[in-house]
Amino acid sequence: MKWLFEINVFLLVFVSKLSGEKIIQLLATEAFSFAINNDSFPETRDSKNRFDFIPAIEGMPDIPRWMNYRNPNNSFAFLYGTPPKPDNLTIEIVALNTRTYDYTRDKIILNIIDKENPARYELQLKLRNLNVEDMFNLEKEEDLLSIFKEHLWTDNTDVYLTQIASPGDIGASYPLNPRDKEGAFVSVGSATTYSRDLIDLWREVEPIKNRSPCPSRYKFTRVEHLFRKKNFIVDWCSFKMLR
């Protein structure tokens, strides 16, 4: 099978070709991302021109409300988000040459199915030292989830990512210094109730909830070392239990 899309999977199950159609299977409530790269559009390979990748639901002007798009450079772009419920839809992607306005099209079919034991409890973290695309990496995902599975939410085995977003995706503010990383908002969920360790952590940071900028004296919590060891710097003022 030839891979036409570079898959950076959080919860992507498979990609296949059936009758010339590209099928991507996703799980409802579970975050996903994939990169649209030059392999999908041979016309863009080795070109000195810039190409914009423009996605939309087939026959519609935009992508679904739950899906986000990011185009950080000339060679690839990202689609990412969290499908809320089972569905089937076709996404058409246009590669537009910004100098000549020539374009080419490709399509993918998203087959979204129910997730067994979907999350009923979620928490949200802001990772200050990352951009959203830095989390589109399976190793990063596993590093973050391992902190919860091994230390903070150890009484269950079904912890997974329920959202990954940039500040702009959720209406949050960007750093004042443009040279700083934007920050990535990540939600972790489970069907199992919050652990005692997570409740204690929430109580520890409650006095500084929603402070911006976050007071420097609260830079470290009792679990800070777990995140720093994996190269995550958490903005504890943004720590939330969502359900």
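Since we're looking at a predicted model, the values are computed, not measured.

Draft legend 1. Here's a closer look at the overall build of the protein chain. The helix and strand tally for the protein chain stands at four helices and 13 strands. Counting all 243 residues of the protein chain, 50% fall into the buried class. The contacts of the protein chain with a sequence gap of at least 6 include a subset with a gap of at least 24, amounting to 68%. With the model as given, the accessible surface of the protein chain reaches about 12,600 Å², and the carbon-plus-sulfur share is 47%.

Draft legend 2. Up close: helix H1 (residues 138-152). With 15 residues, H1 should cover 21 Å at 1.5 Å per step; its first-to-last C-alpha distance of 20 Å lies within 8% of that length. The sharpest bend along H1 measures roughly 25 degrees and falls at Leu145. Among the residues of H1, Lys140, Glu141, Leu144, Leu145, Ser146, Ile147, Phe148 and Leu152 are the ones counted as buried. Summarising the contacts, the buried residues of H1 are in contact with strand S10 (121-127), strand S11 (160-165), strand S12 (184-190), helix H3 (196-205) and helix H4 (224-229). With a side-chain oxygen lying 2.9 Å from the backbone nitrogen of Glu139, the N-terminal cap of H1 falls on Asn137.

Draft legend 3. Summary view of unusual backbone geometry. Of note in the backbone geometry, Thr29 takes a positive phi value of approximately 75 degrees without being a glycine. Counting through the fold element by element, Thr29 comes out in the loop between strand S3 (21-27) and strand S4 (32-37). Given the relative accessible area of 23%, Thr29 is considered partly exposed. The backbone of Asn231 shows a phi angle near 65 degrees, a positive value even though the residue is not glycine. With respect to the element layout, Asn231 can be found in the loop between H4 and strand S13 (240-241).

Draft legend 4. Structural view of the nonpolar core. Counting 37 residues, the largest nonpolar core has Met135, Leu144, Phe148, Phe227 and Trp236 as the members making the most contacts within it. For this core, the secondary-structure elements that each account for two or more residues are strand S7 (76-81), S10, H1, S11, S12, H3 and H4. Per-element tally for this core: the top contributor is H1, with five residues. Excluding anything up to four places from it in sequence, Leu144 contacts Leu125, Leu127, Met135, Leu161, Val186, Phe227 and Phe232. By size, the runner-up hydrophobic cluster in this structure holds 20 residues, among which are Ala28, Phe51, Ala95 and Ile108.

Draft legend 5. Spatial organisation of H3. Those residues of H3 that sit buried are Leu198, Leu201 and Val205. Projected down its long axis, H3 carries its buried residues within an arc of 60 degrees, all on one side. Exposed and oriented more than 90 degrees from the buried face of H3 are Arg196 and Arg203. Those residues of H3 that are buried are in contact with S10, H1 and S13.

The rules behind these values
- Residues numbered from 1 in each chain as written.
- Predicted model: local features only at pLDDT ≥ 70, side-chain atom pairs only at ≥ 80, totals over all residues.
- Heavy atoms only, no water.
- Helix = DSSP H or I, 4+ residues; strand = E, 2+ residues; numbered from the N terminus.
- Buried < 20%, exposed > 50% of the residue type's maximum accessible area, 1.4 Å probe, protein only.
- Contact = heavy atoms within 4.5 Å.
- Areas by Shrake-Rupley, 256 points an atom, 1.4 Å probe, with all protein chains shown as cover.
- Expected span 1.5 Å × (residues − 1).
- Bend = angle between axes of the 7 residues up to and from the residue.
- Polar contact = N/O pair within 3.5 Å; in protein donor to acceptor, adjacent residues only side chain to side chain.
- Core = buried A, V, L, I, M, F, W, Y, C linked by side-chain atoms within 4.5 Å.
- Arc of directions from axis to C-beta.

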